[in-house]
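In case you want the letters, here they are:
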Amino acid sequence: MSTIDLATVQQQATAFQTAKLVLTGAEIGLFTALADGPATAAQLCDRLELHPRGTGLFLDALVALGLLEQSGGKYGNGPVANQFLSANGENFLGGFLSWADQVMYPAWGQLGALLRTGKPPLAAESGHEMFDGLWDDPVRVALLTKMTESISRPLIPTLVKAFDWESHRSVVDLGGCRGDTLALVAQEYPHLDAIVFDLPAVRPQFDEHMAELGPDAARLRFHGGDFFADDIPAADLLMLNHALVDWTEDQRRELLARTFPAVNPGGALLICDSVIVEGEPSYFRNLVRGINMQLMTPGGGGHRLSQLTEWLHDAGYGKVEHRPLSTDMSLVIANKPA
């Protein structure tokens, strides 16, 4: 007999309310404002141009969630808010929060339409060219770039430790965008010959970001191309970081097959993604992430570890290893025989 009670069902059915509390706090700049120090509700209303009718309960709800703290009539950020929700935080998730609020939240309102038609409500593009039009829209470019980097950046220290980079001499990051992930890996392992491979339209974004990162990032090179149409540069290591889930199963199989000739013998393909692994704590969350990709892309979605392993073996790879990087993300290592 199920132990789920009425209150649990109601909470599950209205979880969007909790999400909107967090997203709205980020949208109005609340957590960044409180990074300067505690403030009363009235002070926050003046500073953020808020109306007192809604603000009091809103702030108290964030206290109840554990994101804010209250003392002496003033509100302040809790540790989580300071680290992840304030623009001054070490691991600020601003890009992800904006994408979740402005793109994902409306899309999830169309889940029923996806289930009835199989078509994503917000994406009309199809085929290998689904990202081509993106770079004509600076607003979408900024949102997507900040979203992907804010997700990837906290994982990079774990990624650096999860693999033996020292034994390899070269690495190519497929779909590496501005080079954020690869720059930090190469900084830790300066012997690596590091290349970002992405669409030519990404080059200005890459150059700008490398200039921001300074001399340590200057060694990174950019190679423009379409990994479905152009030759992939050969290297000991190829990386697919949050890039495989964007495509249909046939396209994923094709992409993995295209990587195999580019990996030097004895090298490996590294896939960092939200892989669905039954029995792990991330199982439900990554199922939901898979649905999210179905809502966001024409053919994308989540993939199970068993599926990915089969595709990699079909592409020619040998031993496939799985290593959790965080509560939800995994590193899958496909080894090419020497």
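Scroll up for the structure.
Because the structure is a prediction, the values reported are computed rather than measured. (Residues numbered from 1 in each chain as written. Predicted model: local features only at pLDDT ≥ 70, side-chain atom pairs only at ≥ 80, totals over all residues. Heavy atoms only, no water.)

Colleague: Now, about the overall build of the protein chain: what can you tell me, with residues and values included?
Modeller: Regarding its fold elements, the protein chain presents 15 helices and nine strands. With 338 residues in all, the protein chain has 46% of them scored as buried. (Helix = DSSP H or I, 4+ residues; strand = E, 2+ residues; numbered from the N terminus. Buried < 20%, exposed > 50% of the residue type's maximum accessible area, 1.4 Å probe, protein only.)

Colleague: Tell me about the nonpolar core, and name the residues and values.
Modeller: In this structure, Trp165, Val171, Leu220, Leu270 and Leu331 are the most contacted members of the largest nonpolar core, which totals 32 residues. Only helix H10 (156-161), helix H11 (180-188), strand E4 (193-198), helix H12 (203-213), strand E6 (235-241), strand E7 (263-273) and strand E9 (330-335) provide two or more residues apiece to this core. The biggest single contributor to this core is H11, with four residues. One finds Val172, Phe197, Phe260 and Ala334 within the second-largest nonpolar core, a separate group that totals 30 residues. (Core = buried A, V, L, I, M, F, W, Y, C linked by side-chain atoms within 4.5 Å.)

Colleague: Provide a residue-level description of the pairing of E7, including the pertinent values.
Modeller: Successive side chains on a regular strand alternate, one facing one side of the sheet and the next facing the other. For E7, the buried fraction is high: eight of the eleven residues fall into the buried class. By the bridge criterion, six bridges tie E6 to E7 in an arrangement that is parallel. Residue pairing in the sheet places Leu237 in a bridge with Ala268 of E7. A crossover connection joins E6 to the parallel E7 through helix H13 (residues 249-259); in handedness this β-α-β unit is right-handed. (Pairing = 2+ DSSP bridges. Right-handed = clockwise from strand over helix to strand, strands pointing away.)

Colleague: I'd like a rundown of helix H2 (residues 15-27), residues and numbers included.
Modeller: An ideal rise of 1.5 Å per residue puts 18 Å on 13 residues; H2 measures up with 18 Å between its terminal C-alpha atoms. Buried residues in H2 make contact with helix H3 (30-34), helix H5 (52-65), helix H6 (79-85) and helix H7 (94-108). Backbone geometry just downstream of H2 places Gly29 in the positive-phi region, at approximately 80°. (Expected span 1.5 Å × (residues − 1). Contact = heavy atoms within 4.5 Å.)

Colleague: Break down unusual backbone geometry for me, citing the residues and quoting the values.
Modeller: One non-glycine residue, Glu49, lies in positive phi territory at about 55°. For Glu49, a relative accessible area of 74% puts it in the exposed group. In the Ramachandran plot, Cys177 falls in the positive-phi region, its phi being about 55° despite a non-glycine side chain. Within the element layout of this structure, Cys177 appears in the loop between strand E3 (170-174) and H11. Assessed through its relative accessible area of 15%, Cys177 is described here as buried.

Colleague: A description of the side chain of Asp198 should follow, citing residues and the corresponding values.
Modeller: Relative to the elements of secondary structure, Asp198 occurs in strand E4. The side chain of Asp198 is buried and forms no salt bridge, while Arg178, the nearest opposite charge, is found at 10 Å. In this structure the side chain of Asp198 is engaged in a polar contact, spanning 2.8 Å, whose partner is the backbone nitrogen of Cys177. In contact with Asp198, other than residues within four places in its own chain, are Gly175, Gly176, Cys177, Phe222, His223, Gly224 and Gly225. (Lys, Arg positive; Asp, Glu negative; His and termini not counted. Salt bridge = Lys/Arg side-chain N within 4 Å of Asp/Glu carboxyl O. Polar contact = N/O pair within 3.5 Å; in protein donor to acceptor, adjacent residues only side chain to side chain.)

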